Amino acid sequence: MKVGPDRIRSLSGSGGGPGPPAAQAADGRGIGEAVFDFGERAEAIDCAVEREPTVADDADKMNGAEEAPRQQREKPDPPGYFEGESMTRRRAFTIAAQGIGGLAGAAIVLPAVGFAVAPIFHRGKERWEAVGPLSDFVEDTYRQVVFTETVGIGDAGKTTAYVRKSSKQLGEEPGKYIAVSNRCAHLGCPVRFVEAAGNFICPCHGGVYDFQGKRIGGPPVRPLDHFQTRARNGQVELGPRYSVTSQLEPVRARDPGEFTGGVWEYLYPPRPSTFPPP
Ligand code: FES
């Protein structure tokens, strides 16, 4: 570090007492040599101007402390880089291997996912089946019928329904037919219509439904499901299943244990494969 004449002048003037000005050095040597008649003070200035390199300075040099900051250094070329290339061979092979690996993985995973998920969205053909002549069904009681709900799986595809004519006294649309599923809305056990009580009773956990299939006791979470009905060629035909709310409003079919109506419609959404309600 070099000390200028001004600095030396200021040091000489603030030393705590009068002394000869810097320009009047007794021995006539130059200002830059900083040897003045200041007594001990001159020694201090001399040290500030020029000092011998210390061990710490040598260590700084060895550690590169005085070199340019790391970010300013020129980045070395990566291994395998040739002048004019925009991408190294290593990088090109890495990308190619990752791409081929991704394709191989997709070829294995996508078909499996497709087979697992596709049936959820597959809605079969709407199917209607005749279950008896119109005259077989009356207003004040049910008649049990068995029909095929799912084709192609033998007896496992059959189900039971209780069918009657609509009742004016119950506020139902006249001239229609009501078909109530025997699948309990709790866990799916087969319920039975008990003529003497006029109720549906589930033997599994004591679920009880009234004459229209509304839940009146036990653990079931909603009324019994219904089937769509129609009269064709003097026969009552049963169609797709649908569920109902506690007010008997039709909604898309739900599985046993799933609530219907209100906010439950969103918390228990129907499967995409179910048919729209009538
Ligand atoms: S399955 Fe019917 S009450 Fe539990």
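Residues numbered from 1 in each chain as written. Predicted model: local features only at pLDDT ≥ 70, side-chain atom pairs only at ≥ 80, totals over all residues.

(A) Main features of the overall build of the protein. Each helix and strand in the protein was counted, giving five helices and 11 strands. Classification of the 278 residues of the protein by burial places 18% in the buried group. Long-range contacts, defined here as pairs at least 24 residues apart, represent 41% of the contacts in the protein between residues at least 6 apart. (Helix = DSSP H or I, 4+ residues; strand = E, 2+ residues; numbered from the N terminus. Buried ≥ 20, exposed ≤ 12 C-beta atoms within 10 Å, placed from the backbone. Contact = placed C-beta atoms within 7 Å.)

(B) The confidence of the model for the protein, seen in detail. Residues at a pLDDT of 70 or more form 77% of the protein, whose mean pLDDT is 82. Segment residues 7–39: pLDDT under 50, and 32 contacts once partners within four positions in sequence are set aside and those in other chains are kept. (pLDDT = per-residue confidence, 0-100.)

(C) Main features of the sheet that holds strand S5 (residues 192–194). Read across the sheet, four strands follow the order S5-S6-S7-S8 without closing on themselves; strand pairing throughout is antiparallel. With one partner strand each, in any of the chains shown, S5 and strand S8 (215–217) form the two edges of the open sheet. In this sheet, S8 lies alongside strand S7 (residues 208–209) in antiparallel orientation, the contact comprising two bridges. From the neighbouring strand, Tyr209 faces S8, where its bridge partner is Arg215. (Pairing = 2+ DSSP bridges.)

(D) Focus on the nonpolar core. Counting 23 residues, the largest nonpolar core has Ala161, Val163 and Ala179 as the members making the most contacts within it. Sorting the residues of this core by element identifies strand S2 (143–148), strand S3 (158–165), strand S4 (177–181) and strand S10 (235–244) as the ones contributing at least two each. At four residues, the largest contribution of residues to this core is made by S4. Setting aside chain neighbours within four positions, we find Val163 in contact with Val131, Phe137, Tyr142, Arg143, Val145, Tyr177, Ile178, Ala179 and Val236. (Core = buried A, V, L, I, M, F, W, Y, C linked by C-beta atoms within 7 Å.)

(E) Spatial organisation of unusual backbone geometry. The phi dihedral of Asn233 falls on the positive side, at around 55 degrees, and the residue is not glycine. Turning to its location among the elements, Asn233 is positioned in the loop between strand S9 (226–232) and S10. Even without glycine at this site, Leu248 takes up a positive phi of about 65 degrees. Relative to the assigned elements, Leu248 resides in the loop between S10 and strand S11 (250–251).

(F) Seen up close, the pairing of S3. In the sheet, S2 pairs with S3 via six bridges, with the strands oriented antiparallel. For Thr148, the partnering residue across the bridge sits in S3 and is Lys158.

(G) Local environment of the environment of Ala231. Looking at where Ala231 falls in the secondary structure, it is placed in strand S9. For the pair formed by Ala231 and Tyr177, sequence separation is 54 residues and the distance between their alpha carbons is 8.2 Å. Each residue touching Ala231, except ones within four places of it in the same chain, is listed here: Leu134, Tyr177 and Val236.

(H) Representation of helix H4 (residues 89–121) within the structure. In a regular helix each residue adds 1.5 Å, so 33 residues correspond to 48 Å; H4 covers 46 Å between its end C-alpha atoms and thus fits that length. The largest bend in H4 comes to about 30 degrees, at Phe115, with the proline Pro119 one to four residues further on. Counted residue by residue, H4 has zero buried out of 33 residues, so it is predominantly exposed. (Expected span 1.5 Å × (residues − 1). Bend = angle between axes of the 7 residues up to and from the residue.)

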